Amino acid sequence: MFLAPATVLTLTTVLVLFLQYTYWDLSVKRQEQAKVSQTFVALAEADLAAQRMQGLVAHISRRGQLDLTALETLTELHYHLSGAVRRILDLMILPESTRALLKQAVTDLDPHHGFDGERFLSALGLLRPQLVALAEQSQRRREQLRDVHVQNIDQLVARTALLTIIGIGTAIPLGTLLALFFARRLLRRIKTLSDSAGRIARGDLTPPPAPQRVQDELDDLAVSINQMTERLIRVVSTEKLLEGAEEERRRIAMDLHDQSLSDLSDILRALQNLRVREDCCEDVGKIEEDLQRAITNLRDVMDNLHPQTLEILGLGAALQSHFERHLDKDHLPEYHLYISPQVEGLGLSRLCQLSLYRIALEAVHNVIKHAKASRYEVSLDRRDDGVVLVVEDNGCGFRPPAPDASGGRGLNNIRERARAMGARVQWGASRFTSGTRFELTLPLNGAPRQERDKGMIEHGTG
């Protein structure tokens, strides 16, 4: 895109440089013309002084007497002559013989060396023809430069107008063509990126081709879209895997409830009917206890596979029910559970609620199994624009592995479930004297995004 303005700027720069050179050449000729004019004035002044000196010397020679007034006039004329000759020698390039002649004439005409009429007249006879010749030469050069100056001005005006028309007439169409060419190329690249983003939004998670070498911002954007698509594929794949696993757990729990638990309940009722017979009452009682225990264990397995309370009563009730049934034991650490009423009214998706449920239980399981804590607290609350789950204990604490490290299976499960629903997790120091604080933050705009992604998975090609 920078080639079009660069081309126009280059052509304009060339035009300006050419015009600058033309003006410089004209300036040099003007200086030469001024120098010739100064030389002509100096020659005229020298010739005038020599002419007056020649007349004065002839008058003195006729009278045969040199008075003080004539001497002063002669000295003044010599002063003007010598000054004019010095300027002539400085301004003109003369042969060495001519320069020597002028210098010798000025020396011979100096009244301070004494007055000799024949010497003066001889020197003036040699000086004046030389001055006249130099004046004529200077006048011809002056007229020649004046004609050249007029011609240069005319040529400069015509040339400037022509070059300006050519430069502008060339730069504007060329710049326009280059701008259109690069604009169309840029629009094609932008359309390619836009089409790729549109396909991704419609559920086609095919990564757009990434450029082999990043040359500009669009290449950088293409690389970013490619990387984001690959990460989205991994996140969606993980989400689909977790969702499929939860759906499979739900199906198994329903099968156990509909078939196995129903059969065991029928057997239990049949055994209860046998209790009226006294000869098998004791055996029936033992079998009934074992069967009741098997039903309870089976219900626990079903609840672990897929908590029915979660679908019926919601996330808060499911957590409270699990804590009361399984964690409120004398041999287990003391706990405090707080579920904010605001969380229930957020309308989180089933997958988000199930993920929060699983993560909370996994975090509590880690506390019970590894923390050696006597107390822990669990809170699920709304904070700013997100939902925050906190599990905090007073145990021995631990140093969580880096995000890219493998870690234990429990920590990996927490991270994968959190990543699948767009949440952030972190571990830090507890507010107790010792222990660990686990915190999960789910942005409220993360739940709708998951719902959109889910719709893309169900209806799209991904």
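Structure's up top.
Residues numbered from 1 in each chain as written. Predicted model: local features only at pLDDT ≥ 70, side-chain atom pairs only at ≥ 80, totals over all residues. Heavy atoms only, no water.

Visitor: So what's going on with the overall build of the protein chain? Residues and values would help.
Guide: Scanning the protein chain from terminus to terminus reveals 12 helices and five strands. Each of the 462 residues in the protein chain was classed as buried or not, and the buried ones make up 37%. The long-range share in the protein chain, meaning contacts at least 24 apart out of those at least 6 apart in sequence, stands at 70%. Put simply, the protein chain shows about 27,800 Å² of open surface, and 55% of that area lies on carbon and sulfur atoms. (Helix = DSSP H or I, 4+ residues; strand = E, 2+ residues; numbered from the N terminus. Buried < 20%, exposed > 50% of the residue type's maximum accessible area, 1.4 Å probe, protein only. Contact = heavy atoms within 4.5 Å. Areas by Shrake-Rupley, 256 points an atom, 1.4 Å probe, with all protein chains shown as cover.)

Visitor: Break down the pattern of salt bridges for me, with residues and values.
Guide: Inspection of the entire model under this criterion finds 10 salt bridges. In this structure, Glu-45 and Arg-87 form a salt bridge, with 2.5 Å as the shortest nitrogen-oxygen distance. Separated by 42 residues along the polypeptide, Glu-45 in helix H1 (residues 3-63) and Arg-87 in helix H2 (residues 68-91) bring together distant segments of the chain. According to the relative accessible area criterion, Glu-45 is partly exposed, its value standing at 28%. When the shortest N-O distance is used, the salt bridge between Asp-47 and Arg-128 registers 3.6 Å. With Asp-47 in helix H1 and Arg-128 in helix H4 (residues 117-201), this pair connects stretches of sequence that are 81 residues apart. Overall, Asp-47 belongs to the buried group, its relative accessible area being 18%. Here the residues in one salt-bridge network are Glu-334, Arg-375, Glu-377, Arg-383, Glu-392, Arg-431, Arg-437 and Glu-439, joined through shared partners. (Salt bridge = Lys/Arg side-chain N within 4 Å of Asp/Glu carboxyl O.)

Visitor: So, the nonpolar core: which residues are in play, and what are the values?
Guide: The tendency in soluble globular proteins is for nonpolar side chains to be buried as a group. Formed by 37 residues in total, the largest nonpolar core has its most connected members in Phe-323, Phe-438 and Leu-440. Contributing elements (two or more residues each) for this core: helix H8 (315-327), helix H10 (350-371), strand E2 (375-383), strand E3 (386-393), helix H11 (409-420) and strand E5 (436-443). No other element matches H10, which puts 11 residues into this core. Not counting residues up to four positions away in its chain, the partners in contact with Phe-323 are Asp-328, Tyr-335, Leu-337, Leu-361, Val-364, Tyr-376 and Val-378. Core analysis: the next-biggest nonpolar cluster, separate from the first, contains 30 residues, Ala-70, Val-85, Val-106 and Leu-109 among them. (Core = buried A, V, L, I, M, F, W, Y, C linked by side-chain atoms within 4.5 Å.)

Visitor: Which residues make up the packing of H10 against H11, and what values do they have?
Guide: Contact geometry of H10 with H11 gives a least axis separation of 10 Å together with a crossing angle of 155°. Compared by their axis directions, H10 and H11 come out roughly antiparallel. The crossing of H10 and H11 is left-handed. Contacts between H10 and H11 involve Ser-355, Arg-358, Ile-359, Glu-362, Ala-363 and Asn-366 from the former and Gly-410, Leu-411, Ile-414, Arg-417 and Ala-418 from the latter. Of the residues belonging to the contact of H10 with H11, the class tally is five nonpolar, three polar and three charged. (Axes fitted to C-alpha atoms, helices over the stretch in contact; angles between N-to-C directions. Parallel < 35°, antiparallel > 145°, perpendicular 65-115°, else oblique. Left-handed = near helix turned anticlockwise from the far one by under 90°. Nonpolar A, V, L, I, M, F, W, Y, C, P; charged D, E, K, R; others polar.)

Visitor: Outline the pairing of E2, supporting the account with residue identities and numerical values.
Guide: For strand E1 (residues 334-339) and E2, the ladder comprises six bridges, and the chain directions are parallel. Bridge pairing in E2 places Tyr-335 opposite Tyr-376. As defined by bridge partners, E2 adjoins E3 across eight bridges and the pair is classed as antiparallel. Bridge pairing links Tyr-376 to Asp-393 in E3. Adjacent in sequence and paired antiparallel, E2 and E3 are bridged by two residues, among which Asp-384 carries a positive phi angle near 55°. (Pairing = 2+ DSSP bridges.)

Visitor: Just give me the short version of the packing of aromatic side chains, but keep the residues and values in it.
Guide: Evaluated as defined, the whole model comprises four aromatic pairs. Ring centres of Tyr-335 and Tyr-376 lie 6.0 Å apart, and the angle between their planes is 25°; this geometry places the pair in the stacked category. A residue pair is termed long-range when its members are at least 10 positions apart, and Tyr-335 in strand E1 and Tyr-376 in strand E2 qualify at 41 residues. When the ring centre of Phe-432 is taken as reference, the NZ or CZ atom of Arg-431 above it lies at 5.0 Å. (Phe/Tyr/Trp six-rings, centres within 6.5 Å; stacked < 30°, edge-to-face > 60°. Lys NZ or Arg CZ within 6 Å of the ring centre and 35° of its normal.)

Visitor: Go over the sheet that holds E3 with me, naming the residues and quoting the values.
Guide: Overall, mixed pairing links the five strands, which are arranged E1-E2-E3-E5-E4 in an open sheet. The strands lining the two open edges of the sheet, one partner per strand, are E1 and strand E4 (424-429). Between one strand and the next, the sheet's axes are offset by a mean angle of 15°, whatever the strand orientation. Note: E4 against E5, six bridges, orientation antiparallel. By the bridge assignment, Trp-427 is partnered in E5 with Phe-438. Relative to the sheet, H10 contacts E2, E3 and E5, its axis offset from that of E3 by approximately 15°. Strands in contact with H11 are E4 and E5; relative to E4, the strand with the most contacts, it is inclined by about 135°.

Visitor: Any details on unusual backbone geometry? Residues and values, ideally.
Guide: Of note in this structure, Lys-372 is not a glycine but carries a positive phi near 55°. Assessed through its relative accessible area of 74%, Lys-372 is described here as exposed. A positive phi angle, close to 55°, is found at Asp-384, a residue other than glycine. With respect to the secondary-structure elements, Asp-384 resides in the loop between E2 and E3. For Asp-384, a relative accessible area of 66% gives the class exposed.

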